[in-house]
Amino acid sequence: MVWIHFGFPAMNVLLQALLLLCIARLWLMPLPSSFWVDEMVTAFVVRFGPTHPSLAVAPQVPASIYYVLPRAAGALFGFSEIAYRLPSVLAMAIALFLIARLAARLICPEAAWFAVFACLALRGINYHAADARPYALGTCVAAASLLFLVRWLDSGGWDEALLFAVFAALVWRVHLIFWPLYLLFAVYALVRLVRGDTRAGWLRAGVVFLLVGLALAPVLRDALPLFREAKAHVIVPPPSALDLVYSLKIGLIAVCGAGAWVLSRVFRSATDRPAASWASLTLILGWWLCHPLCLFGFSWLTGDSVFLPRYLSVALPGAALMATMAAAFFIQSRHWKPASVVLGAGLLLLLGDWHHPWPPHSNSDWRAAARKVNELALGPETPVIYPSPFIEARPPAWRPDYPLPGFLYAHLLVYPVQGKAYLFPFQDSPEADHFAASLSTQVLSASRRFVIFGGDQNVHFWRDWLAVRHELEGWRHIDLGPFGDVDAVLFERPRNTVRLELPATLAPAPGTPAPHGSDRGARDRPGGSGGRRSSPLPSLREGCFG
């Protein structure tokens, strides 16, 4: 990075240019693409504040200091996808610098560039760097906490101790799911103290960790009720052993280790670095393993699955450092920079998504779906059915006259659609069936056409449900998408059918968005992968504490 000087100016220029290309392609070019549904929740919280009454159904959602950043970005640059995502880009860039410093301290000074590109080789790092959610900030704060913890234990100085305490107190305030990091802080400090490998004594360490505990007491007080309610926000089963193995990013570690071994055979050289200390191994292994293992165990012990890619994002730098450590067993100091160039060029080639001129940030194109529906030029009285993409949208929180704007339909704020809104819950239920049947009989059958708009599986469920209604017999339906894991379906009446009068017995949702087009800013049955917890990362999907 531009702040790091490692000698060999020409090689440094090449590495810096390669880094800038990676950041431009993997982080910056996806910024203008559509928000996915959690990012639209960010827009909702920023606009209406964390105390909006509709957020009472999911109090964990606004419980983060992160929202200060997109609020400031919006004030400076206006509301847009790029503006809201820029804070995450900056936070992850700072995190890369901090991780490089840790690699230089824990492994060897020449390994810093390799650790940076190892981070960029992880899709999760790149995804969260361009995501208007708290996870890039969490990675940054975690890296700062660990760097100042190491520096404090090295020097024994109060300046580093207080900086560690400040950043450690912020970790849990960024996201409640980051609690396993405190185990890592304690274990690393304990190893250093027991082995006498620190200038900070037991008394000073006790004072610093006591300060951290006191600073976290208010967060713990607010978090305990949320953990007790976690089951209401979970939609995924406990993780499998394969999920755990996948989360550890063993493939990257194996590739880096094997590649370094091949390099050592080609050049017939052996590593000239001393063996890593027990303390360094403890920190790297702990950062790599602690979070996945804790969330895996928590998910199985409680039955409330929190084992999801975005919740595990704070452990990804640990996997990158572990990959760097695997390479360090075979690489000589003078070969670190050439190896870093090879790694950086390879990841840019493989992860650049070159079949898209402008790669999308996620697989949820709500903006294109809303634009397609608005191209139909629906009248203000045309019914538009919105299944909520949030699991919290169920009785009694959900009701047909749910007031808008509201958290359960946050996507309507960002990408509004013309027409009259009729709000459906996230999942099928007797109440949902009763409302849908009444709507079909009294409103939909009297209309010339109507639209279902939302997460693809939500939309497809209600499309199939309505398609077999006798009052809609003969109607045709047309899928307007798909738009990734978002879809819209248009129903049209047969032309030879007499139109009935539209009764007023079913009112649309209060506060229906004004029909002014697409503003710039799913999951299980009947919800689909288009819901709030949809993720472009493979195999795992989100549960509670979004």
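If you're wondering where the values come from, they're calculated on a predicted model, not measured in any experiment.

Visitor: Looking at this structure, I do not really get the overall build of the protein. What am I missing?
Guide: Helix and strand counts for the protein stand at 19 helices and 5 strands. The burial tally for the protein puts 59% of its 546 residues in the buried class. A total accessible area of about 21,700 Å² is found for the protein, and carbon and sulfur atoms account for 66% of it.

Visitor: What is the right way to read empty space enclosed by the protein from this model?
Guide: Summary: where empty space remains is shown by rolling a probe the size of a single water molecule over the atoms. Taken as a whole, the second largest cavity encloses approximately 30 Å³ of empty space. Taken together, Pro180, Leu181, Leu184, Gly286, Trp287, Cys290 and His291 make up the full set of residues lining the second largest cavity. When residues of the lining of the second largest cavity are traced back to their parent elements, those giving at least two are helix H9 (181-194) and helix H13 (278-302). Per-element tally for the lining of the second largest cavity: the top contributor is H13, with 4 residues.

Visitor: Hey, could you run me through the packing of helix H1 (residues 9-28) against helix H5 (residues 112-120) in this one?
Guide: With their axes 11 Å apart at the nearest point, H1 and H5 run at an angle of 15 degrees to one another. When the axis of H1 is compared with that of H5, the two are roughly parallel. For the pair H1 and H5, the sense of crossing is left-handed. Seen from H1, the contacting residues are Asn12, Leu15, Gln16, Leu18, Leu19, Cys22, Leu26 and Trp27; seen from H5, they are Trp113, Val116, Phe117 and Leu120. When the residues that make up the contact of H1 with H5 are grouped by side-chain class, the tally is 10 nonpolar, 2 polar and no charged.

Visitor: Whenever I open this one, the pattern of salt bridges confuses me. Can you help?
Guide: Where charged atoms from two side chains of opposite charge come close, those side chains can pair. Taken as a whole and assessed by the stated rule, the structure comprises 13 salt bridges. Several salt bridges converge on common partners, so that one network encompasses Arg105, Asp154, Arg192 and Asp197.

Visitor: Would you mind going over the environment of proline 494 with me for this structure?
Guide: Considering the arrangement of structural elements, one finds proline 494 in the segment after strand E5 (486-492). Given the relative accessible area of 18%, proline 494 is considered buried. Considered as a pair, proline 494 and glutamate 473 are 21 residues apart in the sequence and their alpha carbons are 9.0 Å apart. Apart from residues no more than four positions distant in its own chain, proline 494 is found in contact with Glu473, Gly474 and Trp475.

Visitor: How should the nonpolar core be read in this particular structure?
Guide: Soluble globular proteins tend to pack their nonpolar side chains together in the buried interior. Formed by 188 residues in total, the largest nonpolar core has its most connected members in Trp27, Phe117, Phe407 and Phe453. Beyond its immediate stretch of four places on either side in the chain, phenylalanine 117 contacts Leu15, Leu18, Leu19, Cys22, Ser340, Leu343, Gly344 and Leu347.

Visitor: In this structure, what is going on with a nonpolar patch on the surface? I would like to understand it.
Guide: Together, Trp158, Leu162, Leu203, Val207, Leu210, Leu211 and Leu214 give the surface a local cluster of nonpolar side chains, amounting to about 700 Å² of exposed area. Counting only elements with at least two residues in the nonpolar patch, the list comes to helix H8 (158-174) and helix H10 (202-228). Within the element layout of this structure, tryptophan 158 appears in helix H8.

Visitor: Can you help me understand the sheet that holds strand E1 (residues 383-387) in this one?
Guide: Paired through backbone hydrogen bonds, the strands of a sheet run either parallel or antiparallel to each other. If you walk across this open sheet you meet the 5 strands as E2-E1-E3-E5-E4, and the pairing is mixed. Both edges of this open sheet fall to strand E2 (420-424) and strand E4 (476-479), since each of them pairs with a single strand only. Shown here is a sheet whose adjacent strand axes are inclined to one another by a mean of 20 degrees, direction ignored. Across 5 bridges, the pairing between E1 and E2 is parallel.

Visitor: What should I look at first to understand the packing of aromatic side chains in this one?
Guide: Remark: the centre distance and the inter-plane angle together describe each pair of aromatic rings, the angle taken between the planes. Counted under the stated rule, the structure contains 27 aromatic pairs. Note on phenylalanine 461 and tryptophan 462: the rings are 5.0 Å apart at their centroids and 85 degrees apart in plane angle, and the pair reads as edge-to-face. Here phenylalanine 461 and tryptophan 462 have matching classes, each one buried. Ring pairing ties together the aromatic residues Trp152, Phe164, Trp172, Tyr182, Phe185 and Phe209, which thus form one cluster.

Visitor: Teacher, can you tell me more about the pairing of E5 here?
Guide: A regular strand places its side chains so that they alternate between the two faces of the sheet. Within E5, 7 of the 7 residues are buried, leaving the element largely enclosed by the surrounding structure. Burial of E5 is two-sided: the residues Val486, Ala488, Leu490 and Glu492 facing one way and the residues Asp487, Val489 and Phe491 facing the other way are all buried. Where strand E3 (residues 449-455) and E5 come together, 7 bridges link them in antiparallel fashion. The residue of E5 that forms the bridge with valine 451 is leucine 490.

Visitor: Honestly, the environment of phenylalanine 185 in this entry has me stumped. Any pointers?
Guide: Positionally, phenylalanine 185 belongs in helix H9. Residues phenylalanine 185 and glycine 286 lie 101 residues apart in sequence; the distance between their C-alpha atoms is 9.1 Å.

Visitor: Please explain unusual backbone geometry as it appears in this structure.
Guide: Phi is mostly negative for residues that are not glycine, and the peptide bonds are mostly trans. Between leucine 404 and the following residue, proline 405, the backbone shows a cis peptide bond with an omega angle of 0 degrees. Cis geometry marks the peptide bond from glycine 481 to proline 482, where omega comes out at 15 degrees. Looking at the secondary structure, you find proline 482 in the loop between E4 and E5. Of note in this structure, lysine 249 is not a glycine but carries a positive phi near 55 degrees. With respect to the helices, strands and loops of the structure, lysine 249 is situated in the loop between helix H11 (241-247) and helix H12 (250-266).

Visitor: How do you make sense of helix H16 (residues 366-374) when you look at a structure like this?
Guide: Side chains of residues three or four places apart in an α-helix project in the same direction, reflecting 3.6 residues per turn. Taken across its 9 residues, H16 has 7 buried, putting it largely inside the fold. Within H16 the residues assigned to the buried category are Trp366, Arg367, Ala368, Ala369, Ala370, Val373 and Asn374. The inward-facing, buried residues of H16 abut helix H2 (37-48), helix H4 (81-106), helix H17 (411-414), E3 and E5.

Visitor: Can you help me understand the side chain of serine 445 in this one?
Guide: Tracing the chain through its elements places serine 445 in the loop between helix H18 (430-442) and E3. From its side chain, serine 445 meets the backbone oxygen of threonine 441 in a polar contact 2.7 Å long. The residues touching serine 445, leaving out its near neighbours within four places in the chain, are Ser440, Glu471, Leu472, Trp475 and Arg493.

Visitor: Before we go on, may I ask you to explain the packing of H5 against helix H14 (residues 316-328) in this structure?
Guide: In helix packing, the relevant descriptors are the interaxial angle and the interaxial distance, both defined with respect to the helix axes. Packing of H5 against H14 leaves a shortest axis separation of 8 Å and a crossing angle of 130 degrees. By the angle between their directions, the pair H5 and H14 is classed as oblique. The way H5 lies across H14 gives a crossing that is right-handed. Across from Phe114, Ala115, Ala118 and Cys119 in H5, the residues of H14 making contact are Pro317, Ala320, Leu321, Ala323, Thr324 and Ala327. Grouping the amino acids of the contact of H5 with H14 by side-chain chemistry returns 9 nonpolar, 1 polar and no charged.

Cut-offs applied
- Residues numbered from 1 in each chain as written.
- Predicted model: local features only at pLDDT ≥ 70, side-chain atom pairs only at ≥ 80, totals over all residues.
- Heavy atoms only, no water.
- Helix = DSSP H or I, 4+ residues; strand = E, 2+ residues; numbered from the N terminus.
- Buried < 20%, exposed > 50% of the residue type's maximum accessible area, 1.4 Å probe, protein only.
- Areas by Shrake-Rupley, 256 points an atom, 1.4 Å probe, with all protein chains shown as cover.
- 1 Å grid on protein atoms, 1.4 Å probe; cavity = no way out; pocket = protein on both sides within 12 Å on 5 of 7 lines; lining within 4 Å.
- Points joined across faces, edges and corners; volume = space filled by probe spheres on them.
- Axes fitted to C-alpha atoms, helices over the stretch in contact; angles between N-to-C directions.
- Parallel < 35°, antiparallel > 145°, perpendicular 65-115°, else oblique.
- Left-handed = near helix turned anticlockwise from the far one by under 90°.
- Contact = heavy atoms within 4.5 Å.
- Nonpolar A, V, L, I, M, F, W, Y, C, P; charged D, E, K, R; others polar.
- Salt bridge = Lys/Arg side-chain N within 4 Å of Asp/Glu carboxyl O.
- Core = buried A, V, L, I, M, F, W, Y, C linked by side-chain atoms within 4.5 Å.
- Patch = residues over 30% accessible without salt bridge, like charges linked within 9 Å, V, L, I, M, F, W, Y side chains within 5 Å.
- Pairing = 2+ DSSP bridges.
- Phe/Tyr/Trp six-rings, centres within 6.5 Å; stacked < 30°, edge-to-face > 60°.
- Polar contact = N/O pair within 3.5 Å; in protein donor to acceptor, adjacent residues only side chain to side chain.

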